[in-house]
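# What the coordinates show
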Amino acid sequence: MRILIIEDEAQLQAQLASAVAAAGHTVELASDGQEGCYLGEVESFDAVILDLGLPLMDGLSVLRHWRAQGCSMPVLILTARNSWQEKVAGMDAGADDYLAKPFHMEELLARLRALLRRLSPHASSIWQCRDIRLDTRQASVWVQGQPLNLTSHEFKLLALLMQQPGQVFSRSQLSEHLYPQDSERDSNTIEVFIGRLRKKLPSDSIETVRGMGYRLRS
Ligand code: CA
């Protein structure tokens, strides 16, 4: 999934980015409130990790702005330690969950999984679609009980398709999901990745919907 991380402390931002990417997500970063606010409004994300203490525009204002604009993606806020006022203000502004600093990365990942689960029809971190089983926690996949070796791009594509089996995803949606930066996007490469995934999955798993995109057969 596509996750936006807005954090101004460089070291923490880097730790968050590597942990969230290692969990199989595509990460986009912002280091101040204005940039983060803009990205969250114009691009689509499956979830946002939002620090409240940010330069240029504070996290609460960012969150209030999004909610006022109808942006409803799940948002996990990072609050200062022992500041119950910040937690209350954050939840009132439309946060879905909060975590007080300092926190364990494992806890952050667990809360992120919980937020993403609420979006998805799947009730647990292990998703099953016909013979394919995908563990969002370990970023691993099995087919008929056998582990499948996927590259991170292949995993991200499959995870998106499995998030909503039966739903058609256009090449540009898949490309946006795979490449956080506009400049890297090339929807032709999606065909290549879909082709590789098809070779690894049971033969009729991914269906091409002419003129529209691809879907996973449910
Ligand atoms: Ca901060």
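Up top is the structure these notes are about.
Let me sum up the structure you'll find in this document. (Residues numbered from 1 in each chain as written. Predicted model: local features only at pLDDT ≥ 70, side-chain atom pairs only at ≥ 80, totals over all residues. Heavy atoms only, no water.)

## A short note on the packing of helix α6 (residues 152–163) against helix α8 (residues 187–200)
Running from N to C, α6 and α8 point in directions that differ by 85°, and their axes come no closer than 10 Å. On the basis of their axis angle, the class for α6 and α8 is roughly perpendicular. Residue-level inspection shows H153, E154, L157, L158 and L161 of α6 in contact with α8, the latter providing I190, F193, I194, R196, L197 and K200. Considering only residue class, the contact of α6 with α8 consists of seven nonpolar, one polar and three charged. (Axes fitted to C-alpha atoms, helices over the stretch in contact; angles between N-to-C directions. Helix = DSSP H or I, 4+ residues; strand = E, 2+ residues; numbered from the N terminus. Parallel < 35°, antiparallel > 145°, perpendicular 65-115°, else oblique. Contact = heavy atoms within 4.5 Å. Nonpolar A, V, L, I, M, F, W, Y, C, P; charged D, E, K, R; others polar.)

## Overview of the environment of Q173
Mapped onto the elements, Q173 comes out in helix α7 (residues 171–178). On the accessibility criterion, Q173 (39% relative accessible area) is partly exposed. Spatially, the C-alpha atoms of Q173 and L161 are 11 Å apart, while their sequence positions differ by twelve residues. For Q173, the side chain forms a polar contact with the main-chain nitrogen of S170, separated by 2.9 Å. (Buried < 20%, exposed > 50% of the residue type's maximum accessible area, 1.4 Å probe, protein only. Polar contact = N/O pair within 3.5 Å; in protein donor to acceptor, adjacent residues only side chain to side chain.)

## Describing the pattern of salt bridges
All chains considered together, the criterion is met by 13 salt bridges. When the shortest N-O distance is used, the salt bridge between E43 and R2 registers 2.7 Å. Taken together, the positions of E43 in the loop between α2 (33–42) and β3 (47–51) and R2 in strand β1 (residues 2–6) put the pair 41 residues apart, joining distant regions of the chain. As far as the burial class goes, E43 and R2 line up, both buried. The salt bridge partner of E191 is R171, with a shortest N-O separation of 2.4 Å. Of the two residues, E191 is situated in helix α8 and R171 in helix α7; the sequence distance between them amounts to 20 residues. Judged by relative accessible area, which is 43%, E191 ranks as partly exposed. (Salt bridge = Lys/Arg side-chain N within 4 Å of Asp/Glu carboxyl O.)

## Describing the sheet that holds strand β5 (residues 97–100)
The five strands lie next to each other as β2-β1-β3-β4-β5, forming an open sheet whose pairing is parallel. Unpaired on one side and paired on the other, β2 (26–30) and β5 mark the two borders of the sheet. Taken over all neighbouring pairs, the strand axes of this sheet differ in orientation by 20° on average, direction set aside. Pairing between β3 and strand β4 (residues 75–79): four bridges, direction parallel. In the strand pairing of β4, I49 is matched with L76. Each of β1, β3 and β4 is contacted by helix α3 (residues 59–68), which is oriented at about 150° to β3, the strand it contacts most. (Pairing = 2+ DSSP bridges.)

## Some thoughts on helix α1 (residues 10–22)
Under the 1.5 Å per step criterion, the end-to-end length of α1 is 18 Å for 13 residues, consistent within 8% with the ideal 18 Å. Buried within α1 are the following residues: L12, Q13, L16, A17, A19 and V20. Those residues of α1 that are buried are in contact with β1, β2, β3, β4 and α5 (105–119). Once α1 finishes, G24 follows within two positions and takes phi at roughly 95°, a positive value. (Expected span 1.5 Å × (residues − 1).)

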